[in-house]
Amino acid sequence: MNKIAYFDCPTGIAGDMCIGALIHAGVPLDYLIEKLNLLGISTEYQLRTELVHRNTQQATKFYVDLAADLWLKPKNSATELDPSETESSTFDARHHHHHGEEHSHSHGEPDAEISHTHHRHLPQIEQIIVSAKLPPRVEAWSLAVFRKLAEAEAAVHGIPPSEVHFHEVGAADAIIDIVGTCLGLDWLDIQEFYFSAMPTGAGTVKAAHGKLAVPTPAVMRLWETHRVPVYSNGIDRELCTPTGTAIACTLASAFGPPPPMEIQAIGLGAGSRMLAIPNILRLWIGEKSQASSATSTVQDVTDVRKREEGRGKFLNNSPFPMPNAQFPMPNSIETITVLETQIDDLSPQAIGYVFDALFAAGALDVFTAPIVMKKSRLGVLLTAICHPEFQDDCEAVIFRETTTLGIRRSTQQRTILPREIQTVKTEYGEVKIKVAKSGETIVNVQPEYEDCAEIARIKNISWREVHRLALQSWYDRT
């Protein structure tokens, strides 16, 4: 059975929290130090760990003490955190990633970026990683994470990825966080990676070019690209850093609830701040249970295609091609939002228009059901299903286009089969066929409605005839 890891992120994710959780789960710090020394930048930092408490729970805190910071920052800097906000008696506010407060682009002071020994561009970082001769999976993952981050930053600033200047992300501690996380996962021999939904956080954070709203633009871009399910836990801090988010979006097989698994170990990685709930990333390590084997390869091919197109578009232009590494495919479970409302005073024609408007706003499905309301009034139950990021747009359509005064919302998980689009030729033209599988078994084959309808209109034949011919062509060739 495959060994898998589930990252439970109730207070978000950052690179130092990932490494802390990995060390807590058994990865030797000495092993990480030995392998990270191969990067050739060991004079820029010192590594250490400490067992700390967060809301009385013990976890491992991982520190990267930058040599530049040790010299340039006064010990009692005004930017240090209030000791009451942390339970660690040896808390070091000089560490670059203060999860929940300091963004990976800043030390929290206007001129903090000048304290870094190096501001590296992506090609320099790639050269450091490739030259280190790390284990193959570690090299592949590390390069992919940095490139994923470059794509997000490039999209935010409207420039090609090759022109991205990693102001602070190129500093030693970000390299350590990313490569160290990949080293730990490889040491544990993890084959598949799963991540929980991510808390958005709120407020602002200091960066090289001033204050940024939380979630930061790069994090938002990564969430958008990978359709990451998010929610608010009510904590007004930066919870998901770009580095941690890039790690998750690069390695994730899926975001959402944990897959069926037999847990063998738990790793707890601490963030720096004391929050309303324990500021701990919880890493579950185990094996997939037999119950999940039938659907272990199920995926939403639309999401996968978007991921691969984005990844391939950038990697093809890189001077450092990716090694031949296989990344696990997404699981069958995804998070959706279900919107419902009852309507008893609207024309059926208007309901038809609402369908079109909701689909245009991003709905995955829309349907109605006849209901009997109070005082025996006949009405309809309107239901729209969408990904969480389209919830507000779909609600706006319902309020604008119907007479309802309220909408119920719920977050659910759905299981989806992998779908593949194939094309067949008929005597009237080409028709796309949607083929769905459960495991290796084909369970559904359907011609695309619009293709059949277009041919039926043009050729002046029945839609059913086009549909029949398309199915016959598909079965004949298989």
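About the criteria used
- Residues numbered from 1 in each chain as written.
- Predicted model: local features only at pLDDT ≥ 70, side-chain atom pairs only at ≥ 80, totals over all residues.
- Heavy atoms only, no water.
- Core = buried A, V, L, I, M, F, W, Y, C linked by side-chain atoms within 4.5 Å.
- Buried < 20%, exposed > 50% of the residue type's maximum accessible area, 1.4 Å probe, protein only.
- Contact = heavy atoms within 4.5 Å.
- Helix = DSSP H or I, 4+ residues; strand = E, 2+ residues; numbered from the N terminus.
- Expected span 1.5 Å × (residues − 1).
- Phe/Tyr/Trp six-rings, centres within 6.5 Å; stacked < 30°, edge-to-face > 60°.
- Lys NZ or Arg CZ within 6 Å of the ring centre and 35° of its normal.
- Salt bridge = Lys/Arg side-chain N within 4 Å of Asp/Glu carboxyl O.
- Polar contact = N/O pair within 3.5 Å; in protein donor to acceptor, adjacent residues only side chain to side chain.
- Axes fitted to C-alpha atoms, helices over the stretch in contact; angles between N-to-C directions.
- Parallel < 35°, antiparallel > 145°, perpendicular 65-115°, else oblique.
- Left-handed = near helix turned anticlockwise from the far one by under 90°.
- Nonpolar A, V, L, I, M, F, W, Y, C, P; charged D, E, K, R; others polar.
- Pairing = 2+ DSSP bridges.

For the rest of this paragraph, the subject is the nonpolar core. If you look at the biggest cluster of nonpolar residues, it comprises 67 residues, and the most contacted ones within it are Leu-39 and Met-198. Beyond its immediate sequence surroundings of up to four residues, Met-198 is in contact with Cys-9, Ile-13, Trp-223, Val-228, Pro-229, Val-230, Tyr-231, Cys-240, Ala-248 and Phe-255.

This brings us to helix H6 (residues 172–187). Under the 1.5 Å per step criterion, the end-to-end length of H6 is 22 Å for 16 residues, consistent within 8% with the ideal 22 Å. Counting buried positions along H6 gives 15 out of 16 residues, so the element sits mostly inside the fold. Where H6 ends, the next residue or the one after it, Asp-189, has phi of about 60°, a positive value.

Turning to the packing of aromatic side chains, a few remarks are in order. Under the defined criterion, the tally for this structure stands at seven aromatic pairs. Following the ring pairs from residue to residue traces out a cluster consisting of Phe-7, Phe-195 and Phe-255. Lying over the aromatic face of Tyr-63, Arg-48 brings its terminal NZ or CZ to 4.0 Å of the ring centre. The positively charged end of Lys-61 is found above the aromatic ring belonging to Tyr-63, 4.7 Å away from the centroid.

Attention now goes to the pattern of salt bridges. The final tally for this structure, using the stated rule, is 16 salt bridges. The residue Asp-186 makes a salt bridge to Arg-137 at a minimum N-O spacing of 3.0 Å. A residue pair is termed long-range when its members are at least 10 positions apart, and Asp-186 in helix H6 and Arg-137 in helix H5 (residues 136–157) qualify at 49 residues. Note that Lys-432 is salt-bridged to Asp-451, the shortest N-O span being 3.2 Å. On the criterion of sequence distance, the pair formed by Lys-432 in strand S17 (residues 429–438) and Asp-451 in helix H12 (residues 449–459) is long-range, its members being 19 residues apart. When its relative accessible area of 13% is taken as the criterion, Asp-451 is described as buried. Residues joined by salt bridges that share partners form a network here, namely Arg-137, Asp-186 and Asp-189.

Position of His-387 relative to the elements: it lies in the loop between strand S14 (378–386) and helix H11 (391–401). On the accessibility criterion, His-387 (4% relative accessible area) is buried. A polar side-chain atom of His-387 sits 2.5 Å from a polar atom in the side chain of Arg-227. Not counting residues within four places of it along the chain, the set of residues in contact with His-387 comprises Arg-227, Glu-334, Thr-335, Thr-337 and Leu-364.

Bringing the packing of helix H2 (residues 29–36) against H6 into the picture now. Close contact between H2 and H6 brings their axes to 10 Å; oriented N to C, the two are set at 125°. Taken together, the axes of H2 and H6 are oblique relative to one another. The interaxial crossing formed by H2 with H6 has right-handed handedness. The residues of H6 that touch H2, namely those facing Tyr-31, Leu-32, Lys-35 and Leu-36, are Ile-176, Val-179, Gly-180, Leu-183, Gly-184 and Trp-187. Considered class by class, the residues forming the contact of H2 with H6 number seven nonpolar, two polar and one charged.

Spatially, S16-S17-S18 is the arrangement adopted by the three strands of the open sheet, whose pairing is antiparallel. Two strands lie at the open edges of the sheet, namely strand S16 (419–426) and strand S18 (441–447), each paired on one side alone. On average, each strand axis in the sheet is inclined to that of its neighbour by 30°, with strand direction left out of account. Alignment of S16 against S17, held across eight bridges, turns out to be antiparallel. In the sheet register, Gln-422 faces S17, and the bridge partner there is Ile-433. Along the sheet, H12 contacts S17 and S18; its crossing angle with S17, the most-contacted strand, is approximately 160°. Sitting on the sheet, helix H13 (residues 463–477) touches S16, S17 and S18, and the angle it makes with S16 is about 105°.

For the peptide bond that leads from Val-214 to Pro-215, omega is 0°, which places it in the cis range. Relative to the elements of secondary structure, Pro-215 occurs in the loop between strand S7 (210–213) and helix H7 (217–226). The backbone of Asn-55 sits at a positive phi, close to 55°, despite the residue not being glycine. Position of Asn-55 relative to the elements: it lies in the loop between strand S2 (45–54) and strand S3 (57–66). What makes Asn-55 partly exposed here is its relative accessible area of 21%. Unlike most non-glycine residues, Asn-460 shows phi in positive territory, near 55°. Structurally, Asn-460 is set in the loop between H12 and H13. The class of Asn-460 is exposed, set by a relative accessible area of 69%.

The next thing to look at is the environment of Ala-218. Structurally, Ala-218 can be placed in helix H7. Along the sequence, Ala-218 and Thr-241 sit 23 residues apart, while their C-alpha atoms lie 8.9 Å from each other.

Interhelical geometry of helix H4 (residues 122–131) versus H5 gives an angle of 170° and a closest axis separation of 10 Å. Taken together, the axes of H4 and H5 lie roughly antiparallel to each other. In contact with Leu-122, Ile-125, Glu-126, Ile-129 and Val-130 of H4, H5 contributes Glu-139, Ser-142, Leu-143, Phe-146, Arg-147 and Ala-150. Its residues assigned to classes, the contact of H4 with H5 comprises seven nonpolar, one polar and three charged.

A few words on H12. Along H12, the residues classified as buried are Asp-451, Cys-452, Ala-453, Ile-455 and Ala-456. Those residues of H12 hidden inside the fold are in contact with S17, S18 and H13. Note on H12: the residue one or two positions beyond its end, Asn-460, has a positive phi of about 55°.

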